[in-house]
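Each chain, letter by letter, is given below.
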Protein chains: 2
Amino acid sequence: VDAEIIAVGSELLTPFRLDTNSLYLTGKLNALGIEVRFKTVVGDDRLRLKEVFQAALERSDLVILTGGLGPTEDDVNREVAAEVLGRPLVEVQEIRRRLEERFARIGRTMAGNNLRQAQVPEGAEWLDNTKGTAPGLWLEHDGVRIILLPGPPHELEAMFESVCLPRLERLSDGQRLRTRIYKVVGLPESEVDQRIAPATTQSTNPATTVLAVSGAIEVHLRARAATHQEADALLAGLGDKIEAALGDHVFSTHGESLEEVVGMYLVMKQKTVAVAESCTGGLVSERLTRVPGSSSFFLGGAVCYSDELKTRLAAVSAALIEANGAVSKPVAQAMAEGIREWTGASIGVGITGIAGPGGGTADKPVGLVYVSIADDRGTQVREFRFPGDRERIRTWASVAALELIRRRVRT
Amino acid sequence: VDAEIIAVGSELLTPFRLDTNSLYLTGKLNALGIEVRFKTVVGDDRLRLKEVFQAALERSDLVILTGGLGPTEDDVNREVAAEVLGRPLVEVQEIRRRLEERFARIGRTMAGNNLRQAQVPEGAEWLDNTKGTAPGLWLEHDGVRIILLPGPPHELEAMFESVCLPRLERLSDGQRLRTRIYKVVGLPESEVDQRIAPATTQSTNPATTVLAVSGAIEVHLRARAATHQEADALLAGLGDKIEAALGDHVFSTHGESLEEVVGMYLVMKQKTVAVAESCTGGLVSERLTRVPGSSSFFLGGAVCYSDELKTRLAAVSAALIEANGAVSKPVAQAMAEGIREWTGASIGVGITGIAGPGGGTADKPVGLVYVSIADDRGTQVREFRFPGDRERIRTWASVAALELIRRRVRT
C-alpha cells in the first residue's frame, strides 16, 4: 500500500509555516508498513487542489488530505473531493444536529456557514471530531482509500488514532516497516557511500539513504516484511555488512547522538571529563550537558576566549602562548592538561582554533583547529582544517572533540 | 510569476525530517513578489520525480528543485532533469577541475562518484557552490525557469543569495512583497497576541503571523504593494503600532538574534562579559560566541557543573553552597560576582538551576533557575520557574540570561 499526503492551506505556502502533520501521519503509517511516496502542499484554491488530488488518485492507494474542512469559504476540501469523484454533496442530519448542539452548549448562535460542515460527498462516511467541530471523511473510490482530516494537529491526531488507525490496520497487507539508523563520524559522505555501496546497491529491501547531519553522516535503512521480526532480520543482515564496511567510524546504531554515546562510555568506564575550549565557545560543554544525568561524568569546563583566561582558567603559561600563538598544538595540549589538573577530571580536553570569519592568516587560516585530549595514559593532539563558515567550523570542531573522547574511553 | 518547489530526498518522506529549505526560498521569492503555489516532497526515485517535475513544468513559470545533487547513486536530480527536458548530460571541465582542486586542497583522494557532479544537462548553466562540492544548475526551457539547488541549507542559501536572487529580480513583475519580523522576549505568546490584536485584526495588508520560536515570540508582517517603498510604508504604519503595544519587550526588528543584539550593545558601550553557568552547561557562552567578532566583548566563561568547580572556577565559597544549596539566589549571585572578578569583565553573569529530568525536589523543582548579573552598579538576581523538558528549560534560561544582559547594557 502506497500513501500520499496532501496538506491544504495557503498559510503552508508562506515562509512561516511548515506542514508538520505529515510527520505524525508518516510515523503512524510506516508502523503499519505503509510508505508515504509523495507529500504535496497546496493553497486553499479549488483548481490547484483539484489537479493535485486527481494526480494522487491515479498513483496512490491511500490519499490523505489534511486541512480545508472548516466552516469558511476558503475551506474547499469537501467540495473538491465531491467534484473530482463525481459525487453530489448531501447534508448529513446527524452532523447538523451535533453542530447545533455544540453551539447551544457553549451558548452561541451558529453562523450559517457552519452548516457547510454537514455536507459530505455522497457515499462518504463521516468521522467524529472529538476535539473540534469539523468532521473528517472516509471514502473509497475505484479501489483508492481517501481520508479527509482536519488541519489542527490535536484534532487530526485524535481522529486518526481513534478511527483511522484501526481501519487501516485491517487493510494493511500484513507488511511491516522497520528502520535503523547508523551514525558515522570521521569519514566524508562520499567515502561512506563508496564503502557501503557493494552491500547497499544490491539491496532494495532494506532500502538505504545516506545523509549528512550536522557533522556526522547518517545511513538510514528501511526494511519491510510480513512481521516486525522478519523486517528486523533483514535490517540485521544488511546492517552487519554496513558495520563491517564502516568499522569503528559507526558510533551509534539506535539513534543515539554522539554526546549520548560519549556519556554512556564515560559512565560505563566511571570516567569524568572537563573541557577547556576557545573557538567552540562552550559548544562542547553544552553538547555534553544536553545528556540527562551528565553531572555524573561532566565536571565542568572553561571557555577561554582571551589569552589571559587561557592562563587563568586552564593554567596555560603566557610564555607558551607567546612562543607558539594561541592557536597551536602546544597550547591545545596545555589546555587539555591544564583543565584536567585544575578540575581533577580523568580526561581533559583542549580546543583552540580559528572559527572566522576574521582572524585568519596565510599561516593559520580560518578553519584551523587543534583538539587535544589528556588522561593518565598521556596527551594526544590533532590538527584539523575544516571548511565552511563559523557555525560549521564550530560544529565540526565539537564533533572532532567528542569523537576523540569516544575513541579514548571506548578501549 | 508563479513558483513551485520540489524537495527531493527519501529522508523527507520519513517521520524524522521536514523540508525546511522551502521556508527560506519562499521568504526570498515572496520578497520579489513571486508566490509559491505548490510544494512537493518526493523520494530519491527517478520515476516519481520525473512525474512530479513534468507536472511542475506544465503549470509553473519557475520550478526549483532542492537536494539530489550529491555524488551518490541516489542523487538523481541531474539525470532526471536531463531526461525530462530531452537533453544529454555533458561533462563540464571547469567543474571537474574545481572538484579535483578541492580534494587536493584538503589532502584527500576524490572518490570516482564525485565526477557525477561535473555532469550537467546540455545548455544548463552551472552555479558555483561556495560552501560545498555540488554545483547548482540554472536552465530555461519553453519559457520555464528551472533551478536545481543543493540540499544542505547553508549551501543552498549561499548559492541562492549570490547567484539566483539577482537574476530573479530582473524577471519579477510589478508587485513587491516585503516582510518585517519583530522579535519579542519576556511576554507569553497569548499576551503578545492580545496586545497587538487591536492593530492587527483590522489589517489585511500587512498580514500578521505570531509564532513562538525557541524562547522568543516572533511577529511577522507581510505587506504587498507596487513598489518596495510603498510596501515598506505599509509595514512601518502597522509596525509603529506593534512597537508601541509591545514596548521594550521588542529586542529586534530586522531579524537579529538576541545574542547579536546583546553583542551590538556590548560593543557600542565598550563593555565585556563573562559567564559562569551550571544548568545551561555552556549554552550562554556558546550563544554569545556564535556572533562573529565576539572576542571583542566576550572574555570567557566557566561551566561549573560540580560544586567544587563552582568554587574553583567562579570563586563561590563552599560554605555558601553548603548553607544555601547549589541552586539558590546567593550562589547565582556569587557566581556572577566571582566570574566577573576572576576575569576582569565589566559584566559577570551567573546561572544555576535544575534542568531535569532528575534532580528536582518539592522545594526546588525541575525548571527552577536563578540568573544573576553583576557590574559596577551592583548585582541583581532573578528567580524563574520554566516549564517543559531539559532542552526547553536550558533554552529559556539562556534567553533569560541574555535578556538580563541586554537590559543592563542598553541603558
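For the structure itself, consult the block above.
Nothing here was measured: the structure is a model prediction, and the numbers come from that model. (Residues numbered from 1 in each chain as written. Chains lettered and ligands numbered in written order. Predicted model: local features only at pLDDT ≥ 70, side-chain atom pairs only at ≥ 80, totals over all residues. Heavy atoms only, no water.)

Peer 1: So what about the interface of chain A and chain B? Which residues, and what values?
Peer 2: The accessible area lost on association of the parts is a frequent measure of interface size. Chain A puts 72 residues into the contact, and the matching count from chain B is 76 residues. For the chain A and chain B pair, buried surface summed over both sides reaches about 6200 Å², with 61% attributable to carbon and sulfur atoms. The tally of links between chain A and chain B comes to six salt bridges. A salt bridge links Arg-394 of chain A to Glu-286 of chain B; its shortest N-O distance comes to 3.1 Å. Our count for the chain A to chain B interface comes out at 30 residue pairs in polar contact (both at pLDDT 80 or more). Residues belonging to the side of chain A that touches chain B are distributed by class as follows: 29 nonpolar, 25 polar and 18 charged. In the sheet, strand S2 (residues 35-42) of chain A pairs with strand S2 (residues 35-42) of chain B via five bridges, with the strands oriented antiparallel. (Contact = heavy atoms within 4.5 Å. Buried area = accessible area lost by both parts, 1.4 Å probe. Salt bridge = Lys/Arg side-chain N within 4 Å of Asp/Glu carboxyl O. Polar contact = N/O pair within 3.5 Å; in protein donor to acceptor, adjacent residues only side chain to side chain. Nonpolar A, V, L, I, M, F, W, Y, C, P; charged D, E, K, R; others polar. Pairing = 2+ DSSP bridges. Helix = DSSP H or I, 4+ residues; strand = E, 2+ residues; numbered from the N terminus.)

Peer 1: I'd like a rundown of helix H3 (residues 77-85) of chain A, residues and numbers included.
Peer 2: The periodicity of an α-helix, 3.6 residues per turn, causes residues three or four positions apart to be oriented the same way. Residue and element names in this part refer to chain A. When you tally the buried positions in H3, you get eight out of nine residues, the bulk of the element. All of the buried residues in H3 are Asn-77, Arg-78, Glu-79, Val-80, Ala-81, Ala-82, Val-84 and Leu-85. Two residues or fewer past H3, Gly-86 is found with a positive phi of approximately 65°. (Buried < 20%, exposed > 50% of the residue type's maximum accessible area, 1.4 Å probe, protein only.)

Peer 1: Which residues make up helix H4 (residues 93-105) of chain B, and what are the values?
Peer 2: Residues and elements named next belong to chain B. Along its 13 residues, H4 runs 18 Å from first to last C-alpha, staying within 8% of the 18 Å computed at 1.5 Å per residue. Where H4 is buried, its residues contact strand S5 (119-121) and strand S6 (125-127). Just downstream of H4, Gly-107 is the residue with a positive phi angle, here 70°. (Expected span 1.5 Å × (residues − 1).)

Peer 1: Kindly report on the pattern of salt bridges, identifying the contributing residues and their values.
Peer 2: Applying the stated criterion to the full structure yields 64 salt bridges over all chains. One salt bridge connects Asp-307 of chain A with Lys-310 of chain A, and the closest N-O pair in it is separated by 3.7 Å. Taken as a pair, Asp-307 of chain A and Lys-310 of chain A lie in helix H10 (residues 307-314) at a separation of three residues, close to a single helical turn. By relative accessible area, which is 2% here, Lys-310 of chain A ends up buried. Glu-83 of chain B is paired through a salt bridge with Lys-50 of chain B; the nearest N and O atoms lie 2.8 Å apart. In this pair, Glu-83 of chain B sits in helix H3 (residues 77-85) while Lys-50 of chain B sits in helix H2 (residues 46-59), placing the two residues 33 residues apart along the sequence. According to the relative accessible area criterion, Glu-83 of chain B is partly exposed, its value standing at 46%. When its relative accessible area of 29% is taken as the criterion, Lys-50 of chain B is described as partly exposed. Salt bridges sharing common partners tie together Glu-94, Arg-97, Arg-98, Glu-101 and Asp-128 of chain A.

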